[in-house]
Amino acid sequence: MPTNREGETAVTIPLQYNEAHWKAIFEKYDLDGDGKISLQELKAMIRGPEFSKDIPAGVVRTIMHKADLDESGYLEYPEFIAMIHRKDMQGIFGHIVQRYVQCVIPQRPCRALRQTSVGSSDYPDGLYEEEYSCRPPAIAMIIISIIEIILFMYDVIKHKSLSVEGPAATLFIYNPHKRYQAWRYLTYMFVHVGVFHLVVNLLVQIMLGVPLEMVHKWWRVLIIYIAGVLAGSLGTSVSDPTVYLAGASGGVYALITAHVATIIMNWSQMEFAVLQLLVFLVITSVDVGQAVYNRYVLDTNDQIGYVAHLAGAIAGLLVGINILRNLEVQTWEKVIWWASIVTFTGLMTAAILWNILYPSYYN
């Protein structure tokens, strides 16, 4: 049985009705009676209360584009009739109009329903934006942010300073000399060096994490965030074994590149995919470029965990490709999915084994 991209059965009612009924439908939605249906009239029809939960707002653009044969900006009656008999239009427009025939003109009994699949080409850009929802609420990044604030305030009150020498920081910070305390590979995300460090991470993870949660649900975003944090500490332990880590930057950079992952996998469904991709690539490139310049050109030893940023970004991209929602799966995307999961698993396994099998590296 054919299904749509959400796995639900797509049902369309056949289009065999006499001309009198189609004429009645056309005249009903020709609101000004000029013998033509404008784009606004078509929108009023599709976005009416009968169909507002079924038809994405962007679909109207596809209907008008395909049906307006003379590109006049209006649907005249011959174009209307030609449109409802086009096979490639029946998945989007036929469903709407036949719902009208079934519900508004009940004196004509409908024939048996038939099952059909909804073709991917029927959906224009903007479908991704239609998926934003607060049900369930986007709570993961908010809860993590609250925990970070509480622990930061606890250390400030207890230690009476903004240093990372408070009781919570001492317990949670990633300390390369205490690698056997495995929780530190994750809990360093709750520790921050000063108010500015905390506020920047809070702002970025909320601004980037909440929109992701609204489309992909909180648990997927939380997995990506934690993967970025773990990748940050493991990557740092392999490449910069003397660096202490504090802050949620690994998780934050995972969120940045998770946006890149969802743009790549939902490219044709996003309205501003190119612009969004450029923004996130610029942010990531600037930070990585600054790290390379400071470390290898200026020879600065600032103890900033740049590798944690880079490792978190890589984890966010690879894990994001694997677990974020893909609204329409293409063949080439399956290849990327397998490549990303194998790459991430291999990198994480190698880093874990390195930490376990080569303790002398950290002496």
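Residues numbered from 1 in each chain as written. Predicted model: local features only at pLDDT ≥ 70, side-chain atom pairs only at ≥ 80, totals over all residues. Heavy atoms only, no water.

1. Side note on the overall build of the protein chain
From N to C terminus, the protein chain includes 14 helices and 4 strands. Of all 363 residues assigned to the protein chain, the portion counted as buried reaches 46%. Sequence separation of 24 or more characterises 73% of the internal contacts of the protein chain that already satisfy a separation of 6 or more. When the accessible surface of the protein chain is totalled, it reaches about 18,500 Å², and 65% of it is carbon and sulfur. (Helix = DSSP H or I, 4+ residues; strand = E, 2+ residues; numbered from the N terminus. Buried < 20%, exposed > 50% of the residue type's maximum accessible area, 1.4 Å probe, protein only. Contact = heavy atoms within 4.5 Å. Areas by Shrake-Rupley, 256 points an atom, 1.4 Å probe, with all protein chains shown as cover.)

2. As for helix H14 (residues 331-357)
Here H14 contains 27 residues, and its C-alpha end-to-end distance of 39 Å stays within 8% of the 39 Å for a straight helix at 1.5 Å per residue. Glu-333, Ser-340, Phe-344, Met-348, Ala-351 and Asn-355 are the residues of H14 that are buried. On the buried face of H14, the contacting elements are helix H8 (184-187), helix H10 (218-239), helix H11 (249-265) and helix H13 (306-323). (Expected span 1.5 Å × (residues − 1).)

3. Looking at the nonpolar core
As a rule of thumb, soluble globular proteins bury nonpolar side chains together. Formed by 50 residues in total, the largest nonpolar core has its most connected members in Met-141, Tyr-225, Leu-255 and Phe-344. Within the residue set of this core, elements represented by two or more residues are helix H6 (140-159), helix H7 (167-172), helix H9 (194-216), H10, H11, helix H12 (273-297), H13 and H14. Not counting chain neighbours up to four residues away, the residues in contact with Met-141 comprise Gln-205, Gly-209, Glu-213, Val-221, Tyr-225 and Leu-255. By size, the runner-up hydrophobic cluster in this structure holds 10 residues, among which are Phe-26, Tyr-29, Ile-37 and Tyr-77. (Core = buried A, V, L, I, M, F, W, Y, C linked by side-chain atoms within 4.5 Å.)

4. A look at a nonpolar patch on the surface
On the surface, Ile-352, Leu-353, Trp-354, Ile-356, Leu-357, Tyr-358 and Tyr-361 cluster together into a nonpolar patch covering about 670 Å² of accessible area. As for its position among the elements, Tyr-358 is in the segment after H14. Judged by its relative accessible area of 44%, Tyr-358 falls in the partly exposed class. (Patch = residues over 30% accessible without salt bridge, like charges linked within 9 Å, V, L, I, M, F, W, Y side chains within 5 Å. Salt bridge = Lys/Arg side-chain N within 4 Å of Asp/Glu carboxyl O.)

5. Let's talk about the UniProt feature "transmembrane region" (unreviewed entry) in the protein chain
Look at the UniProt record and you will see "transmembrane region" (unreviewed entry) annotated at residues 138-157, 185-206, 218-238, 244-265, 272-292, 304-324 and 336-357. In the segment residues 244-265, helix accounts for 77% and strand for 0%; the C-alpha atoms at its two ends are 35 Å apart. (UniProt positions renumbered as here; feature names shortened; annotations may be inferred.)

6. Section: the environment of Thr-242
In this structure, Thr-242 sits in the loop between H10 and H11. Overall, Thr-242 belongs to the exposed group, its relative accessible area being 56%. On a C-alpha basis, the gap between Thr-242 and Pro-176 in space is 6.3 Å, while along the polypeptide they are 66 residues apart.

7. Structural notes on the environment of Val-307
Within the fold, Val-307 resides in helix H13. Accessibility expressed as a relative area gives 24% for Val-307, which makes it partly exposed. For the pair Val-307 and Val-243, spaced 64 residues apart in the sequence, the C-alpha separation amounts to 9.9 Å. Non-local contacts of Val-307, meaning those with residues more than four positions away in its chain, are made with Gly-235, Thr-236, Ser-239 and Asp-240.

8. Side note on the packing of H10 against H13
How two helices pack is summed up by the angle between their axes together with the distance between the axes. Direction vectors running N to C along H10 and H13 enclose 140°, while the axes themselves pass 7 Å from each other. H10 and H13 meet at a crossing whose hand is right-handed. In this structure, H10 contributes Arg-220, Ile-223, Ile-224, Ala-227, Gly-228, Ala-231, Gly-232, Gly-235, Thr-236 and Ser-239 to the contact, and H13 contributes Val-307, Ala-308, Ala-311, Gly-312, Ala-315, Gly-316, Val-319, Gly-320 and Ile-323. Grouping the constituent residues of the contact of H10 with H13 by class yields 10 nonpolar, 8 polar and 1 charged. (Axes fitted to C-alpha atoms, helices over the stretch in contact; angles between N-to-C directions. Left-handed = near helix turned anticlockwise from the far one by under 90°. Nonpolar A, V, L, I, M, F, W, Y, C, P; charged D, E, K, R; others polar.)

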